[in-house]
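Residues per chain, in single letters:
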Amino acid sequence: MSSTESAKPSKLPPFDAADPLGIDDLLGPDDLAIRDTVRTWATDRVLPHIAEWYEKGELPGIRELARELGALGALGMSLDGYGCAGASAVQYGLACLELEAADSGIRSLVSVQGSLAMYAIHRFGSEEQKQRWLPGMAAGEIIGCFGLTEPDHGSDPAGMRTYAKRDGDDWILTGRKMWITNGSVAGVAVVWAQTDEGEDGRGIRGFVVPTDSPGFSAPEIHHKWSLRASVTSELVMDEVRLPADAVLPDAKGLRGPLSCLSHARYGIVWGSMGAARASFESALDYARSREQFGRPIGGFQLTQAKLADMALELHKGILLAHHLGRRMDAGRLRPEQVSFGKLNNVREAIEICRTSRTILGANGISLEYPVMRHATNLESVLTYEGTVEMHQLVLGKALTGLDAFR
């Protein structure tokens, strides 16, 4: 008999309801430390206040929160140099998951700062632009925003009307951007605009715009029923004069903003699972303690079926996020794969929130529990950084080789 056959089987670890697939085994000590640090911060600084912020539709102290997140290394987390943490893609994803488990608005603050505004400057900016803006943004001293979506152009950014024209060595920027996270509190905006510099006389370029520039304003958008604990704004550029060096030198055409969006979508793949986890855990705790017909409702077959199905989708989604993170760290993550993750995980996260709400019954609509807040937030997450339909078409084109966008 071989030594393998004669060896006694090792004792299996106990089943962990919080990590039923043992995904933590895939994480190293540094990964776990970062995750736990961000979770502790969110538990201490966000969870005690988030229901009130959400109900009032405000995010008070956003500048202080940004500085605290900067001290954690969460801003521009996966970027190298210029005061950035240089963390792995998986570590950044774990941070996004923990932040969105608190609230999507907090994760959006971090995503727009790091994956959109800072990423655009880091990847496409000049050395002077990087030195001027990135250290302060990494520290949370300067908040950034990213202006791509317009009132009449969302899924089709190529049709944007914001326009930058030459005036001697300067640029004159005119137009409007809509649904811009961080806009009203930003010190710098990365704004994308049409120019006459393309081969066909229409070339999209990115501009680094100090928000104290004459002609620039960012009125806040109110009356939202989603992402209420988040600053959402319109950007208005009324003949904003910018120097020649305000343009991002290495971003020409839609490749620039779309690559930024792909980086931000990756964070959503993880973050949406944070909202799903918080809702699932709320439903699980409720099912264990809520009694009807003389016993906890978690002891009934229909409730257990709901919990089992939610656990399946939650942890499959986390595994998918982890897989995409490893591919990003290896330099092998394709945009189509990010679409795969964003489409699947946000859609499943919304379903987990809805099912969790049914377990909580009428209590599920109360802000005493996080479920309805996460559900309404995810309706925005489902749309921004690419709608369901856009990601379906991205995957459809990849699968068939046929372009159905137009």
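Residues numbered from 1 in each chain as written. Predicted model: local features only at pLDDT ≥ 70, side-chain atom pairs only at ≥ 80, totals over all residues. Heavy atoms only, no water.

Identification of the protein chain as Acyl-CoA dehydrogenase family protein from Streptomyces durocortorensis is taken from an unreviewed UniProt entry. One UniProt comment on the protein chain, placed under Cofactor (unreviewed entry), says "FAD". The record held by UniProt for the protein chain lists under Sequence similarities (unreviewed entry) the comment "Belongs to the acyl-CoA dehydrogenase family." (UniProt positions renumbered as here; feature names shortened; annotations may be inferred.)

Engineer: It is not clear to me how the overall build of the protein chain should be interpreted in this structure. Could you clarify?
Structural biologist: Counting its regular elements, the protein chain contains twelve helices and ten strands. Relative to the compact-globule value of 22 Å for 406 residues, the protein chain shows a C-alpha radius of gyration of 22 Å, a close match. With the principal axes as the frame, the protein chain shows a C-alpha extent of 80 × 60 × 45 Å. By residue count, 51% of the 406 residues in the protein chain fall in the buried class. Pairs at least 24 apart in sequence give 75% of the contacts found in the protein chain among residues at least 6 apart. Working note: accessible area of the protein chain is about 18700 Å², and carbon and sulfur atoms make up 53% of it. Seen as two clouds, the 42 positive and the 52 negative side-chain charges of the protein chain have centres 3 Å apart. (Helix = DSSP H or I, 4+ residues; strand = E, 2+ residues; numbered from the N terminus. Rg over C-alpha atoms; globule rule 2.2 N^0.38 Å. Buried < 20%, exposed > 50% of the residue type's maximum accessible area, 1.4 Å probe, protein only. Contact = heavy atoms within 4.5 Å. Areas by Shrake-Rupley, 256 points an atom, 1.4 Å probe, with all protein chains shown as cover. Lys, Arg positive; Asp, Glu negative; His and termini not counted. Charge placed at Lys NZ, Arg CZ, Asp CG, Glu CD.)

Engineer: Please explain the packing of helix H8 (residues 255-289) against helix H10 (residues 335-360) as it appears in this structure.
Structural biologist: The geometry of a pair of packed helices is captured by two quantities: the angle between their axes and the separation between those axes. For the pair H8 and H10, the least separation of the axes is 8 Å and the interaxial angle reads 20°. One way to sum up the angle between H8 and H10 is to call them roughly parallel. As H8 runs across H10, the sense of the crossing is left-handed. Among the residues making up the contact of H8 with H10, the classes are represented as 18 nonpolar, seven polar and two charged. (Axes fitted to C-alpha atoms, helices over the stretch in contact; angles between N-to-C directions. Parallel < 35°, antiparallel > 145°, perpendicular 65-115°, else oblique. Left-handed = near helix turned anticlockwise from the far one by under 90°. Nonpolar A, V, L, I, M, F, W, Y, C, P; charged D, E, K, R; others polar.)

Engineer: Teacher, can you tell me more about the packing of H8 against helix H9 (residues 301-329) here?
Structural biologist: Two numbers describe how H8 lies on H9: the axes approach to 10 Å, and their chain directions differ by 155°. Between H8 and H9, the crossing angle belongs to the class labelled roughly antiparallel. As H8 runs across H9, the sense of the crossing is left-handed. Its residues assigned to classes, the contact of H8 with H9 comprises 17 nonpolar, five polar and two charged.

Engineer: I'm lost on helix H7 (residues 127-138) in this one. Help?
Structural biologist: Because each turn of an α-helix spans 3.6 residues, side chains separated by three or four positions end up pointing in the same direction. Helix length check: H7 (twelve residues) gives 16 Å between terminal C-alpha atoms against 16 Å at 1.5 Å per residue, within 8%. Residues of H7 that are buried include every one of Gln129, Lys130, Trp133, Leu134, Gly136, Met137 and Ala138, and no others. Immediately beyond the C-terminal end of H7, within one or two residues, lies Gly140, with a positive phi of roughly 80°. (Expected span 1.5 Å × (residues − 1).)

Engineer: Can you help me understand the nonpolar core in this one?
Structural biologist: In globular proteins that are soluble, nonpolar side chains generally tend to be buried together. Phe146 and Trp192 are the most contacted members of the largest nonpolar core, which totals 96 residues. If one sorts the elements of this core by residue count, H8 sits on top with 15 residues. If you look at the next biggest cluster of nonpolar residues, it comprises 19 residues, including Trp171, Val191, Val209 and Met237. (Core = buried A, V, L, I, M, F, W, Y, C linked by side-chain atoms within 4.5 Å.)

Engineer: Sorry if this is basic, but what is going on with the packing of aromatic side chains here?
Structural biologist: The relative placement of two aromatic rings is captured by the distance of their centres and the angle of their planes. Following the criterion strictly, the structure yields five aromatic pairs and no others. With a centroid separation of 6.4 Å and 80° between ring planes, the pair formed by Phe293 and Phe300 is classed as edge-to-face. With a relative accessible area of 26%, Phe300 lands in the partly exposed category. Sitting above the plane of the Tyr54 ring, Arg228 keeps its charged end 5.9 Å from the centroid. Above the plane of the ring of Phe300 lies Arg295, whose end atom (NZ or CZ) is 4.8 Å from the centre. (Phe/Tyr/Trp six-rings, centres within 6.5 Å; stacked < 30°, edge-to-face > 60°. Lys NZ or Arg CZ within 6 Å of the ring centre and 35° of its normal.)

Engineer: Any chance you could explain the pairing of strand S7 (residues 232-242) here in plain terms?
Structural biologist: As a general feature of sheets, a regular strand has side chains that alternate between the two faces. Pairing geometry for strand S3 (residues 170-181) and S7, over eight bridges, is antiparallel. Looking at the pairing, Trp171 lines up with Leu242 of S7. (Pairing = 2+ DSSP bridges.)

Engineer: Help me understand the UniProt feature "domain: Acyl-CoA dehydrogenase/oxidase C-terminal" (unreviewed entry) in the protein chain, please; the structure alone is not making it clear to me.
Structural biologist: As recorded in UniProt, the sites labelled "domain: Acyl-CoA dehydrogenase/oxidase C-terminal" (unreviewed entry) are residues 252-399. The distance from the first to the last C-alpha atom of residues 252-399 is 28 Å, and the span holds 78% helix and 3% strand.

Engineer: I keep staring at a nonpolar patch on the surface and nothing clicks. Help me out?
Structural biologist: Taken together, the side chains of Leu21, Leu26 and Leu319 present a nonpolar region at the surface, about 260 Å² in accessible area. Assignment of secondary structure puts Leu21 in the loop between helix H1 (3-6) and helix H2 (29-45). By relative accessible area, which is 52% here, Leu21 ends up exposed. (Patch = residues over 30% accessible without salt bridge, like charges linked within 9 Å, V, L, I, M, F, W, Y side chains within 5 Å. Salt bridge = Lys/Arg side-chain N within 4 Å of Asp/Glu carboxyl O.)

Engineer: Before we go on, may I ask you to explain the pattern of salt bridges in this structure?
Structural biologist: Taken as a whole and judged by the stated rule, the model has 21 salt bridges. Arg241 serves as the salt-bridge partner of Asp170, at 3.0 Å between the closest nitrogen and oxygen. Separated by 71 residues along the polypeptide, Asp170 in strand S3 and Arg241 in strand S7 bring together distant segments of the chain. One network of salt bridges, with partners in common, ties together Arg39, Glu98, Arg277 and Glu281.

Engineer: Looking at this model, I keep getting lost on unusual backbone geometry. Mind explaining?
Structural biologist: Glycine aside, the phi torsion of most residues is negative, and most peptide linkages are trans. A positive phi angle, near 60°, is found at Trp179, a position not held by glycine. Trp179 sits in the exposed class, given a relative accessible area of 53%. At Asn182, a position not held by glycine, the phi torsion is positive, near 75°. Tracing the chain through its elements places Asn182 in the loop between S3 and strand S4 (188-195).

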